[in-house]
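These are the residues of each chain, in order.
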Amino acid sequence: MGAAMRRIQAGNVLSAFGLGFTVPYLYVYVAQVRNLGAGTAGVVLAVFAMAALVVLPFTGRAIDRRGPLPVLVGAALLAAVGALGMGLAGSVSTVVLAAALLGAGTAVMQPALATMIVWCSSTSTRTRAFAVQFFLQNLGLGIGGLIGGQLVDESRPDSFLLLFSIEAAMFLVLAGIAATVRMPRTPSIADARPQTEGGGVRALLGHRAMVQLCVLGFVLFFACYGQFESGLAAYGTEAAGIEPSALGLALAANTAVIVVAQFLVLRFVERRRRTRMIAAVGLIWTVAWLFAGYAGLGHGSQTMATAAFITTYGLFGLGEAMLSPTVAPLVADLAPESMVGQYNSAFALVKQLALAVGPAVGGPMGAALHGPYIVTFVLFSLGITVLALRLGKKLTPVQDHPYLVAKSRVVARHQPEQAVEAAV
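Values in this document were obtained by computation on a predicted structure and should not be read as measured data.

J.: Tell me about the overall build of the protein chain, and please be specific about residues and values.
T.: Counting its regular elements, the protein chain contains 19 helices and zero strands. Taking all 424 residues of the protein chain together, 51% fall into the buried category. Partitioning the intrachain contacts of the protein chain with sequence separation of at least 6 by distance along the chain shows that 86% fall at a separation of at least 24. In the structure as shown, the protein chain presents an accessible area of about 18200 Å², 67% of it carried by carbon and sulfur atoms.

Quick look at the structure:
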């Protein structure tokens with residue numbers, strides 16, 4: 001990685017580290033530590049998500065007009081104010097306002113960071129750049145959560161103020177690092193991106209491959225991330241009788257698989273068509289949901305049910321490790337040169353919508369409709385495979401298989417030299 005990319009990735013892991021300190025404890029902090037009740041805690045979580053939905057439609061155009069650097073710095077400062085405000089908040093109005101600032105700031109960071117990675121990478125290096133980003137995000141979140149768990153004490157509000165202060169400090173560090181980055185806008189392969197005379201939402205909606213990718217992305221996030229802490233957790237405790245401690249082990253297994261598998265699968269993934277790898281993820285997640293079905297409906301021992309449930313989360317982690325080098329680089333390679341920020345923001349918005357709808361649909365189903373819940377998400381996972389294969393028909397070779405195209409160009413460039421040597 002170049003100097004700019006190293007700084008971007010360093011800021012990325014530090015911000016994830018800060019988020020890991022507070023995200024797992026936000027509900028407990030509002031409902032119990034500040035004694036504002038479960039209803040207020042639910043409103044805070046909803047505001048956190050809704051703030052992202054409000055700001056993301058405007059983020060892409062700001063990135064493309066002003067550049068990702070000032071947008072990222074502004075978002076980091078906004079998130080820092082929100083985090084510190086959350087630690088100091090003692091009333092319903094202040095905690096809701098702090099949640100709105102924190103949610104908006106962290107949401108804007110995602111497409112800004114993604115656009116910076118696109119600008120600092122080429123088509124041939126983008127796969128690894130996004131894989132590193134995903135790896136560092138999970139590592140930062142995991143380490144932050146572990147350390148935060150050791151510092152937090154429900155009987156001491158000051159311990160939560162410390163957590164939110166650390167989170168705010170990490171956002172300020174991100175802003176400082178971003179402000180020092182010099183962006184080398186690397187030119188990409190000419191035919192990797194379509195040319196467009198217009199811009200905005202109309203141009204994006206007229207790009208059929210991007211629309212199909214957004215539909216695929218919604219299903220991906222709805223069937224996986226949207227179920228982690230809601231439907232799947234409710235299903236595990238109600239149908240499979242999983243202990244809360246086992247849920248923690250399952251989430252830890254998910255993170256561990258991502259951290260261990262990310263670079264093991266990277267070479268395999270980057271040498272194959274992106275859409276076929278996404279289709280393979282759909283099949284892996286189908287097996288994961290079948291393991292979950294066995295855990296809750298198989299009537300085996302509690303030990304076997306717990307093992308099957310943990311395996312479900314592990315298989316989800318394997319799929320996530322395969323997706324990180326494929327989906328985000330594909331969004332970047334589909335975007336016209338003048339609309340990279342808008343494409344990244346649109347995809348982030350789709351992800352946020354899936355994360356909002358997923359718990360609302362999956363939570364009640366997972367708690368009460370055990371059989372239909374498993375069948376539904378087995379079908380969604382198979383749908384991922386079908387949608388990915390259909391998307392592959394809309395992509396150019398350089399969009400779907402950039403490694404093969406880059407390799408063929410290198411071979412073609414060296415063939416004349418080899419021919420001269422043979423003639424001599």
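Let us keep going from here.
J.: I'd like to hear about the side chain of Asn138, residue by residue, with values.
T.: Here Asn138 shows up in helix α6 (residues 126-151). Residue Asn138 is classed as buried on the basis of its relative accessible area, which comes to 13%. Side-chain polar atoms of Asn138 contact the backbone oxygen of Phe134, separated by 2.9 Å. In this view, Asn138 contacts Thr255 and Ile258; residues no more than four positions away in its chain are not counted.

J.: Can you explain a nonpolar patch on the surface? Please cite residues and give values.
T.: Taken together, the side chains of Ile143, Leu146, Ile147, Leu151 and Leu162 define a hydrophobic patch exposed on the protein surface, amounting to about 420 Å² of accessible area. Among the elements that make up the nonpolar patch, the one with the highest residue count is α6 (four residues). Inspection of the secondary structure puts Leu151 in helix α6.

J.: Requested: an account of the side chain of Thr286, with residues and values cited.
T.: Locating Thr286 in the fold gives a position in helix α13 (residues 274-297). Of note is the side chain of Thr286, whose polar atom sits 2.8 Å from the backbone oxygen of Gly282. Excluding residues that lie within four positions of it along the chain, Thr286 makes contacts with Val378, Ser381 and Leu382.

J.: Go over the packing of aromatic side chains, please, and point to the residues and values.
T.: Inspection of the entire model under this criterion finds 15 aromatic pairs. Measuring from centroid to centroid gives 5.0 Å for Phe135 and Phe263, while their planes differ by 65 degrees, and the two rings are edge-to-face. In this pair, Phe135 is assigned in helix α6 and Phe263 in helix α12 (residues 244-270), connecting sequence segments 128 residues apart. Looking at Phe135, the relative accessible area reads 15%, which means it is buried. Among the aromatic side chains, those forming a connected cluster through ring pairs are Phe218, Phe222, Tyr235, Trp285, Trp289, Phe316, Tyr373, Phe377 and Phe380.

J.: Got a sec to walk through unusual backbone geometry? Specific residues and values, please.
T.: The residue Asn35 is not glycine, and still its phi comes out positive at about 55 degrees. Structurally, Asn35 is set in the loop between α2 (26-33) and α3 (37-66).

J.: Residues and numbers for the pattern of salt bridges, please.
T.: Enumeration according to the criterion identifies three salt bridges in this entry. Arg126 is the salt-bridge partner of Asp333, the closest N and O atoms lying 2.5 Å from each other. Of this pair, Asp333 sits in helix α15 (residues 327-334) while Arg126 sits in helix α6, placing them 207 residues apart in sequence. In this pair, the class of Asp333 matches that of Arg126, namely buried. Asp400 is the partner of Arg273 in a salt bridge, and the nearest nitrogen-oxygen pair spans 3.7 Å. Linking Arg273 in the loop between α12 and α13 with Asp400 in helix α18 (residues 397-400), this pair joins segments that are 127 residues apart in sequence. Assessed through its relative accessible area of 31%, Arg273 is described here as partly exposed.

J.: Explain the nonpolar core to me, using residue names and the numbers behind them.
T.: Met210, Leu213, Trp285, Trp289 and Phe309 are the most contacted members of the largest nonpolar core, which totals 98 residues. Apart from residues lying up to four places away in sequence, Phe309 is in contact with Leu232, Tyr235, Gly236, Ile242, Leu247, Ala250 and Ala295. Ala31, Leu36, Val44 and Phe160 belong to the second-largest nonpolar core, a separate cluster that totals 20 residues.

J.: Quick rundown of the environment of Ile147? Include the residues and the values.
T.: Note on placement: Ile147 falls in helix α6. Remark: the alpha-carbon pair of Ile147 and Leu163, spanning 16 residues in sequence, is separated by 9.6 Å. Every residue in contact with Ile147, bar those within four places of it in the chain, is listed here: Phe17 and Phe21.

What counts, and at which threshold
Residues numbered from 1 in each chain as written. Predicted model: local features only at pLDDT ≥ 70, side-chain atom pairs only at ≥ 80, totals over all residues. Heavy atoms only, no water. Helix = DSSP H or I, 4+ residues; strand = E, 2+ residues; numbered from the N terminus. Buried < 20%, exposed > 50% of the residue type's maximum accessible area, 1.4 Å probe, protein only. Contact = heavy atoms within 4.5 Å. Areas by Shrake-Rupley, 256 points an atom, 1.4 Å probe, with all protein chains shown as cover. Polar contact = N/O pair within 3.5 Å; in protein donor to acceptor, adjacent residues only side chain to side chain. Patch = residues over 30% accessible without salt bridge, like charges linked within 9 Å, V, L, I, M, F, W, Y side chains within 5 Å. Salt bridge = Lys/Arg side-chain N within 4 Å of Asp/Glu carboxyl O. Phe/Tyr/Trp six-rings, centres within 6.5 Å; stacked < 30°, edge-to-face > 60°. Core = buried A, V, L, I, M, F, W, Y, C linked by side-chain atoms within 4.5 Å.

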